[in-house]
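Fold and geometry: a report
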Amino acid sequence: MNVILCHTTADFDTLGAAVGLTRLQPGSRVVLTGGCHPAVRDFLALHRDEYALIERRAVNLEQIRSIAVVDTQKRDRVGKASQWLDLPDLLEVVVYDHHPDGEGDIPATRTQVEPVGATTTLIAEQLQQEGIQLTPSEATVMALGIHVDTGSLTYEGATARDAIALAWLMEQGASLRLIADYVEPGLSPQLQELLTEALDNLQRATTCGYTVSWVLLKTPDYVPGLSTLATRLLDLGESDALLLAAAYPVGDGGEERFTVIGRSRIEGTNLNELFHPLGGGGHSQAASVTLRGVDTQATLDRLVSQLKDQIPQPLTARELMSSPVQTIRPDTTIEQAQRILLRYGHSGLSVVNSEDQLVGIVSRRDIDLALHHGFSHAPVKGYMTNNLKTITPDTSLPEIESIMVTYDIGRLPVLQDGQLVGMVTRTDVLRQLHQGRGNGGYVTDDERKNPLPNSRLSIPNAHQTLTDILRDRLAPPLWEFLTRASQQAEQRGWHLYLVGGGVRDLLLANPHETLMLSDIDLVVDGFHRSADVGAGVELAKALQQTYPNARLEVHGQFQTAALLWHNDPVLDSLWVDIATARTEFYPYPAANPEVEASSIRQDLYRRDFTINALAMRLTPPRAGELLDFFGGMLDLRSRQIRVLHANSFIEDPTRIYRAVRFAVRLGFQIEPQTEGYIRYALESGIYERSLSENSKAPALQTRLKAELKYILQAPYWKPALQLLADLGALRCLHPTLELDEPLWKQVRLLDRCLRRFDPQKTLDHWQMRLEILIAYLAGEYRAKVAINLQLPTDSIERLEQLDRDRADVVKFLPECHRPSQIVVLLRRYELPTLILIAVKNSRLIRRLIWRYLTIWANIQPILNGNDLKVLGYKPGREFKPMLDRLLAATLDGEIRDRADAEKFLAEYYPL
């Protein structure tokens, strides 16, 4: 006999999972081990006979062969049935649960504990995989299990897997009418009385801007349904977190049983961790504990205090604000202001007087209206708002939110000592409130506990931060360097961030391997307190004092500095770029950007793709926080390359090549809309116009060459080249270049030739691959493209001469009937030229060049100059033609050994 045990006070999740399990284990029976939630009790009063239920007292213990426990991992949660787990003839004990942070004590032979919103989801997935069809009644109770435990997919622990499982159950005929009846059941008369009492006695406290409430109820006996009461009380009490405690006597000895039910909406709190030391548990936002023989009031007070301690300090304007703020003077014209908005992408501009004191704000809407009415030359002081609400750097997030809601303000200037130091926007606030970044960690609880299928991201557990992972993963010297860099930045009042590829690779790396970073990008924010030279440069100079072996390079134009080590015994060949947070503007497509200091958000926005626009904060007090303004984590999970803005490829065509490089290297897909932007940019003709209209277009010249080098020297160069061709991106080299079948054949032949004739890689193989692409163009374009890409002089000359050299070889090579003639013809050409000629010609020509390179070019005369002197010949100009004739005769088979060579000399060059 197979039995399935539900936990005591059974809810719909344990019942739904158990019912579904009876279909996976035909013949098994469900045991309700001790009471039900009131809604479950009412449901079973009508539907009990539709499920394979059996009372605990009716079970024949001698017949039990396997036990499955659903929705718990603890023995005491299955009541008296826990004794069955020790039966001697048990063949299997299986546990199904969805609380991965829980610690179980059931002696299971097999467990399935996964981070989903409901245990029922795990069973529904198996049923779907095995193609088992359910009855509407079975589908209904399972759907109820998911609805109730996920708050109809609104609780933080709900996952996409729960939604998919629920959709499948609806396809199986789950009754929406019945679900509606039981998902939001009304309170029983007893619970209604307790609700009134609880509201009258509810205690509240405000901590870090959040309202924490608690109440202790004394009841004559056990009251079912307190969890529903807690949920209702949380709403009616307008609380952010609630502890509902109930105490009632048990037995005749006067001992009390004490139950505490917790509910929390505060990001960063974890009720499971709060109750776990006392033997309770649940989710981070919903959990409970039951105790005996404790001081109820003291215990509740201690739990309230511990819950308050869990609440993170709220963010302040200093951490939310963008800085520096783009400002204009009151006499700036509307037209000038509109151009500034276009350049920086802002929704408004701050207006300051000659003392740099804030006097007003003009919004994009104000400017648009002024332009609409023909006032483009009017000063902004006539349109700006001067009745301003301002905040300080220490204003908390809840206060900022309250001001914005009360006064319907979308931008709040941050003033310090009367000076404008930053700006907090409505977008900054919404991101913190709704993307789970308010807890100082870098992922929400849902992201941590519910990774998407096939995700291999390095997600920290409940006791980790991204800082922990970085410290554990990096080599100690590298971690020490980052620690020192953050300390130097903190001393100067700056924020320091690890940005871009380092963060991306950390999240994608195998958690069991050491992450080797040879190229690190750091960004300094908070520059308004920095030296004139720029915070990034100043920090790099300070670090060089600690690391004198590093070479310092400063690029003032871009406000960056670099520390470089070469074969260092500790840091090897490490390259660290340190920049001041900056924004950029492209004066025309494919130009080098113009950059200026800005905020970390603007710095990340200027980057290419969402997965490269991630930043990890290294400095306290929020060290380990991940900045993800643009959905980079979701794209890492979805394994896709998504560009940050629609004009990205118009401004910089090298981003097309970077998109391909990252997609192929990481095994990602280019997101469909991003692919559309790529194709539009390529088909628009903007690159050709930019080259013709501007003297310099670095993104189509030096920077494009650098990206080509990255791709063509990588192990994945073939699929990357094919993807570039599929997108039509080779037209960045020249509008006529396409990777058709003849060119693809030449590319593959080139690869064979390079592997065969240059195994030591004396040639730049990536450059040869680029040359074969350029060589496919019409002759008049080749040198121009090579010069545009700034290829070496010999490469340019080779491509310029290729048609003439090829024509000579094609004309004369078939007329060479002896190997010596072939050698005389072909030794005039360098190896790269011969390879290009070979892959671009017929099989006959190719075969002869192949034989030349593999056989004939390696044959030497049997005798050399010293041998001639020993034979009595006088050194002079005659030696070269003598040796050449000896070689020719050897190549043609007329000379096979030394005797033949001496005989040959005696005949043609007698002494």
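The rules behind each value
- Residues numbered from 1 in each chain as written.
- Predicted model: local features only at pLDDT ≥ 70, side-chain atom pairs only at ≥ 80, totals over all residues.
- Heavy atoms only, no water.
- Helix = DSSP H or I, 4+ residues; strand = E, 2+ residues; numbered from the N terminus.
- Buried < 20%, exposed > 50% of the residue type's maximum accessible area, 1.4 Å probe, protein only.
- Areas by Shrake-Rupley, 256 points an atom, 1.4 Å probe, with all protein chains shown as cover.
- Pairing = 2+ DSSP bridges.
- Contact = heavy atoms within 4.5 Å.
- Axes fitted to C-alpha atoms, helices over the stretch in contact; angles between N-to-C directions.
- Core = buried A, V, L, I, M, F, W, Y, C linked by side-chain atoms within 4.5 Å.
- Salt bridge = Lys/Arg side-chain N within 4 Å of Asp/Glu carboxyl O.
- Patch = residues over 30% accessible without salt bridge, like charges linked within 9 Å, V, L, I, M, F, W, Y side chains within 5 Å.
- Lys, Arg positive; Asp, Glu negative; His and termini not counted.
- Charge placed at Lys NZ, Arg CZ, Asp CG, Glu CD.
- Polar contact = N/O pair within 3.5 Å; in protein donor to acceptor, adjacent residues only side chain to side chain.
- pLDDT = per-residue confidence, 0-100.
- Phe/Tyr/Trp six-rings, centres within 6.5 Å; stacked < 30°, edge-to-face > 60°.
- Arc of directions from axis to C-beta.

1. Quick look at the overall build of the chain
Looking only at helices and strands, the chain features 38 helices and 28 strands. By principal-axis analysis of the C-alpha atoms, the chain measures approximately 135 × 85 × 55 Å. Across the 911 residues of the chain, 53% fall into the buried class. Counting only carbon and sulfur atoms, one obtains 48% of the accessible surface of the chain, whose full area is about 41600 Å².

2. Thoughts on the sheet that holds strand β7 (residues 203-207)
Taken together, the six strands give an open sheet; going across it, the order is β7-β8-β9-β10-β12-β11, and neighbouring strands pair in mixed fashion. If you trace the sheet from one side to the other, it starts and ends with β7 and β11 (281-282), each paired once. For β7 and strand β8 (residues 210-218), the ladder comprises five bridges, and the chain directions are antiparallel. Looking at β8, one finds that T207 is bridged to Y210. In the packing of helix α7 (residues 189-201) onto the sheet, contacts are made with β7 and β8, and the angle to β8 comes to roughly 125°. With respect to the sheet, helix α10 (residues 296-310) is in contact with β7, β8, β9 (241-249), β10 (256-264) and β12 (286-292), its orientation differing from that of β8 by roughly 165°.

3. Focus: the nonpolar core
Core analysis: the largest hydrophobic core is formed by 128 residues, its most contacted members being L522, Y657 and I849. With eight residues, the top contributor of residues to this core is helix α29 (residues 741-757). Sequence-distant contacts of L522, that is, excluding residues within four places in its chain, are made with F481, L482, A485, L496, Y497, L498, V576, D577, I578, A579 and L618. Formed by 43 residues, the second largest nonpolar core is a distinct cluster that contains C6, L21, Y51 and V141.

4. Brief notes about unusual backbone geometry
Phi is positive for E238, close to 50°, though the residue is something other than glycine. Examined against the element boundaries, E238 turns out to sit in the loop between α8 (226-236) and β9. The backbone of D417 sits at a positive phi, close to 55°, despite the residue not being glycine.

5. Examining the pattern of salt bridges
Following the criterion strictly, the structure yields 40 salt bridges and no others. The partner of E651 in a salt bridge is R655, with the nearest N and O atoms 4.0 Å apart. We classify R655 as buried; its relative accessible area is 4%. Measuring nitrogen to oxygen at the nearest pair gives 3.7 Å for the salt bridge that ties R898 to D867. Placement of R898 in helix α38 (residues 898-908) and of D867 in helix α36 (residues 865-870) is noted, with a sequence separation of 31 residues between them. Residues joined by salt bridges that share partners form a network here, namely D608, R658, R661 and E707.

6. Some remarks on helix α19 (residues 501-508)
Two residues of an α-helix separated by three or four positions point the same way, owing to the 3.6 residues in each turn. Where burial is concerned, most of α19 is hidden: seven out of the eight residues are buried. Where α19 is concerned, the buried positions are G502, V503, R504, D505, L506, L507 and L508. Lining the buried residues of α19 we find α17 (466-473), β18 (495-499), β25 (615-617), β26 (626-627), α22 (632-638) and α24 (654-666).

7. With respect to a positive patch on the surface
A grouping of K745, R843, R847 and R851 is seen on the molecular surface, where their side chains present a positively charged patch. With three residues, helix α35 (residues 843-854) is the single largest residue contributor to the positive patch. Residue placement: R851 occurs in helix α35.

8. Brief notes about the environment of L891
Here L891 is to be found in helix α37 (residues 879-891). For the pair L891 and W856, spaced 35 residues apart in the sequence, the C-alpha separation amounts to 6.9 Å. L891 has contacts with P819, S820, V823, W856 and I859, leaving out every residue within four places of it along the chain.

9. Notes on the side chain of D608
The residue D608 is located in the loop between α21 (600-605) and β25 in this model. Reaching out from D608, the side chain makes a polar contact with the side chain of N612 at a distance of 3.2 Å.

10. So, the confidence of the model for the chain
Looking at the chain as a whole, its pLDDT mean stands at 86, while 92% of the residues score no less than 70. In this model, residues 436-456 is a region of pLDDT below 50 whose contacts with residues beyond four sequence positions or in other chains number 77 contacts. Between residues 527-533, whose pLDDT stays under 50, and residues either more than four places distant or in other chains, the model counts 17 contacts.

11. Some remarks on the packing of aromatic side chains
What the rule picks out here adds up to 15 aromatic pairs. Each ring, one from F12 and one from Y182, has its centre 6.2 Å from the other, and the planes form 65°; the classification is edge-to-face. Here Y182 lies in helix α6 (residues 176-183) and F12 lies in helix α1 (residues 12-24), a separation of 170 residues in the sequence. Taken as a pair, F12 and Y182 share a single burial class, namely buried. Note on Y547 and W565: the rings are 5.8 Å apart at their centroids and 85° apart in plane angle, and the pair reads as edge-to-face. Here Y547 is found in the loop between α20 (535-546) and β20 (551-555), whereas its partner W565 is found in the loop between β21 (560-564) and β22 (575-580), with 18 residues between them in sequence. The buried category is assigned to W565, whose relative accessible area is 4%. Here the aromatic cluster, defined as three or more aromatic residues joined through ring pairs, consists of F12, F43, Y51 and Y182.

12. Considerations on helix α26 (residues 686-693)
Every buried residue of α26 is listed here: I686, Y687 and S690. Along the axis of α26, the buried residues cluster in a sector spanning 100°; they form a single face. On the buried face of α26, the contacting elements are α23 (648-651), α24 and α25 (672-683).

13. A closer look at the sheet that holds strand β15 (residues 358-363)
In space, the three strands of this open sheet follow the order β13-β14-β15, with mixed pairing throughout. Both outer strands of the open sheet, β13 (327-328) and β15, are each paired with one neighbouring strand and no more. Looking at chain direction, strand β14 (residues 348-352) and β15 are connected through five bridges and run antiparallel. From the neighbouring strand, V351 faces β15, where its bridge partner is G360. Sheet strands in contact with helix α12 (residues 334-344) are β13 and β14, and its direction is about 125° off that of β14.

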